[in-house]
Each structure stands twice: as structure tokens, then as C-alpha cells.
Amino acid sequence: MDYSEAFPVIDRHTWLNHAAISPWPAAVGDAMRGFVDMNVAQGPLGYAKWLDTEQSLRRRAAALIGAEQDDLALIKNTSEGLSLIAAGLDWQPGDALVCCAGDFPSNLMPWHQLVPDFVDVREVPFDVGDPETVLLGALDDDVRVLAVSSVRYDSGVRLDLDRLGHAAHRVGALLVVDAIQHLGALPMNVAEAPVDFVVGGSHKWLLAPEGLALFWSRPSARRRLRTLQTGWRMWPDMFNFERSDWTRPDTARRFEPGTLNMAGIHGLDASLELLQSIDPAARAEQLLDRTGWLIDGLARMPGIEIVTPAERGRRAGIVCFVPANRDPDAVLKRLASRSIFAARRGRSVRLSPNFYTPENQIERALEVIAGIATHDVD
Ligand SMILES: Cc1ncc(COP(=O)(O)O)c(C=O)c1O
């Protein structure tokens, strides 16, 4: 399938950096431009339309993860969601939490900095081969939270949320999931998965502008969070400024105190419309094909250490490898000189294609990497 009209970046670059920030699809650009034009021409006279787009986004976002709209909040970013959980939970002396060493800072800092000092923070090593066993080994009856990234930013490993969630629930712990490297890449269904909080920002696999994130909470878990932010926009009749009852709503709208990122909402609504126009299972298979081709190609190159597991169920959109006797930055430089964009994470080069990445672009990237493996780097 030719996606070049929907994804104009294809004609300009080989974008293997969706795990950082994604280029906007044409539809997102159109929606953002429409919002800009409307505002330049008439300011907020189109406010009712803004609100229609907000509602449309709420419907699409709920459908994306199999959620009820009432359980989904629109917040600023993944870091904010994780911070709201860490700072808001009803921690008690004797409580513990389990998080993963080497996780993205936003899924470590809140657990170290925002929970009370008396909480036993267990940061367990991350075993690329079998992360769940190590994590489950750290669970006991004191643990209130198990915090993971469902897809790791640094290795591309996909975790088994079913296994983790069931084990967490058996000891009375909540499963908190940073899903920014998952949402939009692979399906997620919160109605079926044993998860309690799921947070994921918009600018990676959701293909939308920065500054917006989906924050899903199970009602029973949500009720355990203290109020950290409050404001006028939390209620369905938000324009009733004379209200005297300021009781917070039970819904996830309690996490939306004030004015939302309307520009971002227009972009994310358009990207979700596009994503949902393509069968999610087929999209996931296309993405897994592409990461599989990368792994197969890299495996044929001598000396390269592939960090990401080859097993299909163990990965998503990220492939990390340690180049043979080369500085990862030199590899990135060579790739960039061929208009192929990737990232460095630790010792690894991180490649993150998307379902729409043409097969010949994957082949070309592999050729360039193979060339580097056998020749001097510029
Ligand atoms: C796993 C993970 N969590 C969180 C973030 C940061 O997300 P946000 O900027 O939405 O807080 C990133 C970004 O790279 C990430 O890879």
C-alpha cells in the first residue's frame, strides 16, 4: 500500500525515529491549519466547533483503547499523568512500590520524588530476556504499585501486561502503565487488560503535536488519588460559574482543571481519525513486519549486537542495536547524511519505523548500516 499521500515525510526522509517524535500526517497538518485559519479570521467565535472537536477526540481516544469516555482524561503529557498518580495515591507507612531500573526518567522520578519518604521504593533491574520474572519477584503484600513502561524506550522490549497485572492484583497492587511507546503502535484494550492507570503522550506513535496525553484510570483506582489540581473545567456543565457545590466529579474529568490544549486536540483528533481508518490489527502486523525485517537484516551483519528480542510478541516499533566497533553517533551521522533519521539511546542505535514506512526505505537503511559495518565511518 502506498502511504505517501497520507504521510508526506515519506517523499523526503526515511523516518526511523517515531519513538522520539513523529512527523505529522497530512491530515494532521490540514486540521491544524484549519484551526489556525479559523482563529486568525474570527478568534474564538468558532468555540462551539472547538468543543465538537474535543468531543470527537474523546470518542476516538476511548475507542482506541476500549475505554469508557468517563475514564479518560486529556492532560498535558505522560510525565504529568505519572506524577498525578505518584503524588496523589493514599500511601501508608509500610507501603512499597516496584519500578524498573533504566526506565524513562518520567517513570522513575515521580516514584522517587513524589511519594512520601516512608514508602519503600524498589527499583528492580530490567532483564531484557525475562523482565516479568524479576518484577514479579519484587512483589509482596506491601506493594501498592507496580509501575512499568509497556514498551521500553531503550530496548524496545514489550512487557506482558496480563502477567504483570494479574500478579500485581493478587497482592493488592495497582498496575501503572506508561504506554507512550505503545499507544498508536500496537492495540491496547483496557477493558480486558488487568491495568489500573494507562498514560501515553501524543507526539510519538499517536502521530500528533506535542503537549497532549491520554490518561486512563480505572474508577476504583482513580478514587484513591488525592486532589492535586482543581478548576472550572472539570464538570460537564463547566460554564456554570456560579456553582456552589465544588465536589469533584467521579469521572476522569477531575484531572482536567482548566483550559485544554485545543490546538493539540485538533491535531490528535485528526491523527486518530486516520489511524482508525486502518484496521488496528493490520497496522500492528505491518509495524511488526518492519521491525522484524530490521532485526533479520541486522542479524546478518557481523559483530552487531541486537538488543531488541526477535520474538514478535516481545517487541513493538523499536529496534535497538549496538554497532560493531563503531560509535553510535557516527552511525547516526552516516544515516542522517543519507536522509535516514534514527536516535541514540545509551550504547545503542534505536530504529523506530512505522506501519507506513515503505519496505525499500527499510532495505536502504539496512544497506547503509551494513556499509558502515564493513567500511570506515565518515
Ligand atoms: C517511555 C517514555 N515515557 C515518557 C516519555 C516522556 O513523555 P512526555 O513528554 O509525554 O511526558 C518518553 C519520551 O521519550 C518515553 O519514551
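Note that the structure is a prediction, hence the values are computed from the model and not measured. (Residues numbered from 1 in each chain as written. Predicted model: local features only at pLDDT ≥ 70, side-chain atom pairs only at ≥ 80, totals over all residues. Heavy atoms only, no water.)

Engineer: Is there a simple way to think about a nonpolar patch on the surface in this case?
Structural biologist: Residues Trp-232, Phe-239 and Phe-241 make up a contiguous nonpolar surface patch of about 330 Å² in total accessible area. Within the fold, Phe-239 resides in the loop between α7 (219–222) and α8 (262–276). Exposure remark for Phe-239: the relative accessible area of 44% places this residue in the partly exposed category. (Patch = residues over 30% accessible without salt bridge, like charges linked within 9 Å, V, L, I, M, F, W, Y side chains within 5 Å. Areas by Shrake-Rupley, 256 points an atom, 1.4 Å probe, with all protein chains shown as cover. Salt bridge = Lys/Arg side-chain N within 4 Å of Asp/Glu carboxyl O. Helix = DSSP H or I, 4+ residues; strand = E, 2+ residues; numbered from the N terminus. Buried < 20%, exposed > 50% of the residue type's maximum accessible area, 1.4 Å probe, protein only.)

Engineer: Honestly, unusual backbone geometry in this entry has me stumped. Any pointers?
Structural biologist: Where the residue is not glycine, phi is negative for most of them; where a peptide bond is considered, it is trans in most cases. Here Asn-325, not a glycine, exhibits a phi torsion of approximately 50 degrees, which is positive. As for its position among the elements, Asn-325 is in the loop between β10 (319–322) and α10 (328–337). In this structure, Ser-339 takes a positive phi of about 65 degrees despite not being glycine. Within the secondary structure, Ser-339 is located in the loop between α10 and β11 (340–341).

Engineer: Even after reading the chapter, I still don't get α8, so can you show me in this structure?
Structural biologist: In this model, α8 (15 residues) spans 21 Å end to end at C-alpha, consistent with the 21 Å of a helix rising 1.5 Å per residue. Among the 15 residues in α8, twelve count as buried, and that is most of the element. Residues of α8 that are buried include every one of Met-262, Gly-264, Ile-265, His-266, Gly-267, Leu-268, Asp-269, Ala-270, Ser-271, Leu-272, Leu-274 and Leu-275, and no others. Looking at the packing, one finds that the buried side of α8 touches α1 (26–42), α2 (47–65), β2 (72–75), β8 (213–217) and α9 (280–299). (Expected span 1.5 Å × (residues − 1). Contact = heavy atoms within 4.5 Å.)

Engineer: Quick question: what am I supposed to make of the environment of Asn-261 here?
Structural biologist: One can find Asn-261 in the loop between α7 and α8. Between the alpha carbons of Asn-261 and Gly-211 there is a distance of 7.1 Å; along the sequence they are 50 residues apart. When sequence neighbours within four positions are dropped, the list of residues in contact with Asn-261 reads Glu-210, Gly-211 and Leu-212. At 2.8 Å, the side chain of Asn-261 and the backbone oxygen of Gly-211 are in polar contact. Side-chain polar atoms of Asn-261 contact the backbone nitrogen of Gly-264, separated by 2.7 Å. (Polar contact = N/O pair within 3.5 Å; in protein donor to acceptor, adjacent residues only side chain to side chain.)

Engineer: What is the right way to read the site of the ligand from this model?
Structural biologist: Around the ligand, the neighbouring residues are Asn-77, Thr-78, Ser-79, Phe-104, Ser-149, Tyr-153, Asp-178, Ile-180, Gln-181, His-203 and Lys-204. Take Asp-178: an N or O atom from its side chain is 2.5 Å from a nitrogen atom of the ligand. Out of a free accessible area of 400 Å², the ligand has 88% covered by protein chains. (Near = heavy atom within 4 Å.)

Engineer: Would you mind showing me how to read the packing of aromatic side chains here?
Structural biologist: In this description, an aromatic ring pair is defined by two values, namely the gap between the centres and the angle between the planes. This model, assessed by the stated rule, comprises 15 aromatic pairs. When the ring of Tyr-47 is compared with that of Phe-239, the centres are 6.2 Å apart and the planes differ by 70 degrees; the resulting orientation is edge-to-face. Placement of Tyr-47 in helix α2 and of Phe-239 in the loop between α7 and α8 is noted, with a sequence separation of 192 residues between them. For Tyr-47, a relative accessible area of 26% puts it in the partly exposed group. Geometrically, the ring pair formed by Trp-232 and Phe-241 is edge-to-face, given 6.0 Å between the ring centres and 75 degrees between the ring planes. Here Trp-232 falls in the partly exposed class, since its relative accessible area comes to 32%. Through a chain of ring-to-ring contacts, the aromatic side chains of Phe-35, Tyr-47, Trp-50, Trp-232, Phe-239 and Phe-241 assemble into a single cluster. Taking the ring centre of Phe-126 as reference, the NZ or CZ of Arg-152 above it sits at 4.0 Å. The positively charged end of Arg-283 is found above the aromatic ring belonging to Phe-355, 5.8 Å away from the centroid. (Phe/Tyr/Trp six-rings, centres within 6.5 Å; stacked < 30°, edge-to-face > 60°. Lys NZ or Arg CZ within 6 Å of the ring centre and 35° of its normal.)

Engineer: Hey, could you run me through the layout of surface pockets in this one?
Structural biologist: The rolling of a water-molecule-sized probe over the atoms marks out the regions of remaining empty space. In this structure, the largest pocket encloses a volume near 360 Å³. If you trace the largest pocket, you find 14 residues lining it, with Arg-158, Leu-159, Leu-161, Asp-162 and His-182 closest to the centre. Here the lining of the largest pocket is built from residues that sort into six nonpolar, three polar and five charged. For the second largest pocket, the calculated volume is near 210 Å³. In this structure, the second largest pocket is lined by 18 residues; those nearest its centre are Thr-78, Phe-104, Asp-178, Ile-180 and Lys-204. Considered class by class, the residues forming the lining of the second largest pocket number five nonpolar, seven polar and six charged. (1 Å grid on protein atoms, 1.4 Å probe; cavity = no way out; pocket = protein on both sides within 12 Å on 5 of 7 lines; lining within 4 Å. Points joined across faces, edges and corners; volume = space filled by probe spheres on them. Nonpolar A, V, L, I, M, F, W, Y, C, P; charged D, E, K, R; others polar.)

Engineer: Please explain empty space enclosed by the protein as it appears in this structure.
Structural biologist: By the definition in use, this model includes two cavities of 30 Å³ or more. One number sums up the size of the largest cavity: a volume of about 60 Å³. In this structure, the largest cavity is lined by Leu-84, Leu-225, Arg-226, Thr-227, Leu-228, Gln-229, Arg-248, Arg-254 and Phe-255. When its residues are assigned to classes, the lining of the largest cavity shows four nonpolar, two polar and three charged. Reported here for the second largest cavity is a volume of approximately 30 Å³. For the lining of the second largest cavity, a count of residues per class yields four nonpolar, four polar and no charged.

These results come straight from atomic positions and should not be treated as a statement about function.
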